[in-house]
Amino acid sequence: MEDKTQEMERIQELLDNRHYVALIAELAEMNAVDVAEILDKENAANAVILFRMLPKDLAAEVFALLSSEQQSAFISSITDKELGPILDELAFDDIVDLVEEMPANAVRKILANSGEEERKLINQFLKYPPDSAGSLMTIEYVSLKKNMTVKQALDYIRETGLKKETIYTCYVTSEEGKLEGVISLKELIGKKDDTLIEDVMECSFASVLTNSDREEVVSVFKKYDLIVLPVTDNENRILGIITADDVMH
């Protein structure tokens, strides 16, 4: 099997000889970690050239792996038309992390290429204290209604699940957004199609408030042996979730 050194040498050779069609095909077959490593070793001009050749979904994955310095340089170098699809593919919590670390001119460019609702959410997240549950959470969770049937819930998960942080734990919310119950995908799959969610959801669950600090979050994860934890406001409206990976990170 070809090692990374040979792979990087071939990419460099294609780039030096301007064999761009072959280079685009080569990059598209690589994984994001390897591409990010190549970009890290290239000079700024070549790194931007290579980055622009990536398919948009791979570009988003690679972008999330780059250092904040590289991300800032790329944002300054690429056009709004190129930046928009990358932001569309990035997870919301990655965008928030990005905004927190970028210089003001890059932040303005990111916000200008975000939707109105997304801009509101980004600004809301930036108000949470560092290392609070609010700053750690993501809004990408599956929200179900208690009057759904199991079949409706599974259809909804299939339709929206690819854009969520996790689909293995789902949250049942009221029309006002209050957290009413929790149910796992495993439990859903084992129930009959016409079963109502309210009849099978778990009404006893752990949660933390947006202003809970990291130590409290970690304590709740350990106490209940969780892989994901909902974050609510003082009125029990769910605002996001924290995964065990988020806490480790």
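Going by the structure above, here's the rest.
What counts, and at which threshold
Residues numbered from 1 in each chain as written. Predicted model: local features only at pLDDT ≥ 70, side-chain atom pairs only at ≥ 80, totals over all residues. Heavy atoms only, no water. Helix = DSSP H or I, 4+ residues; strand = E, 2+ residues; numbered from the N terminus. Buried < 20%, exposed > 50% of the residue type's maximum accessible area, 1.4 Å probe, protein only. Contact = heavy atoms within 4.5 Å. Areas by Shrake-Rupley, 256 points an atom, 1.4 Å probe, with all protein chains shown as cover. Lys, Arg positive; Asp, Glu negative; His and termini not counted. Charge placed at Lys NZ, Arg CZ, Asp CG, Glu CD. Polar contact = N/O pair within 3.5 Å; in protein donor to acceptor, adjacent residues only side chain to side chain. Pairing = 2+ DSSP bridges. Axes fitted to C-alpha atoms, helices over the stretch in contact; angles between N-to-C directions. Salt bridge = Lys/Arg side-chain N within 4 Å of Asp/Glu carboxyl O.

Caption draft 1: Broad picture of the overall build of the protein chain. In terms of helices and strands, the protein chain carries 16 helices and 6 strands. Counting only C-alpha atoms, the protein chain reaches 65 × 40 × 35 Å along its principal axes. When burial is assessed residue by residue, the protein chain has 45% of its 249 residues classed as buried. Within the protein chain, contacts between residues separated by at least 24 positions form 60% of all contacts whose residues are at least 6 apart in sequence. When the accessible surface of the protein chain is totalled, it reaches about 13900 Å², and 49% of it is carbon and sulfur. When the 26 basic and 49 acidic side-chain charges of the protein chain are each reduced to a single mean position, those positions are 5 Å apart.

Caption draft 2: A look at helix 4 (residues 44–52). Within the sequence span of helix 4, burial applies to Asn-46, Ala-47, Val-48, Leu-50 and Phe-51. On its buried face, helix 4 is in contact with helix 1 (4–16), helix 2 (20–28), helix 3 (32–41), helix 5 (56–65), helix 6 (68–77) and helix 7 (80–89). The N-capping residue of helix 4, defined by a side-chain oxygen 3.2 Å from the backbone nitrogen of Ala-45, is Asn-43.

Caption draft 3: Expanded view of the sheet that holds strand 1 (residues 142–144). Taken together, 3 strands build an open sheet; the order of strands is 1-2-3 and the sheet is mixed. Of all the strands in the sheet, just strand 1 and strand 3 (179–184) have a single pairing partner and so form its edges. For this sheet the average axis-to-axis angle between neighbouring strands, irrespective of direction, equals 35°. Note: strand 1 against strand 2 (residues 169–173), 3 bridges, orientation parallel. Considered in strand 2, the bridge of Ser-143 is made with Tyr-171. Along the sheet, helix 12 (residues 150–160) contacts strand 1 and strand 2; its crossing angle with strand 1, the most-contacted strand, is approximately 155°.

Caption draft 4: Spotlight on the pairing of strand 5 (residues 228–232). Within strand 5, 5 of the 5 residues are buried, leaving the element largely enclosed by the surrounding structure. Here strand 5 shows no split at all, with Val-228, Pro-230 and Thr-232 on one side and Leu-229 and Val-231 on the other all buried. Where strand 4 (residues 208–209) and strand 5 come together, 2 bridges link them in parallel fashion. Across the sheet, residue Leu-209 finds its bridge partner in strand 5, namely Thr-232. Linkage of strand 5 to strand 6 (residues 238–243), two consecutive antiparallel strands, is achieved through a turn of 5 residues, within which Asn-236 is found at a positive phi near 65°.

Caption draft 5: Highlighting the pattern of salt bridges. Counted according to the given criterion, the structure contains 8 salt bridges. When the shortest N-O distance is used, the salt bridge between Arg-237 and Asp-233 registers 2.8 Å. Looking at Arg-237, the relative accessible area reads 30%, which means it is partly exposed. Taking the relative accessible area as the measure of exposure, Asp-233 reaches 15% and is therefore buried.

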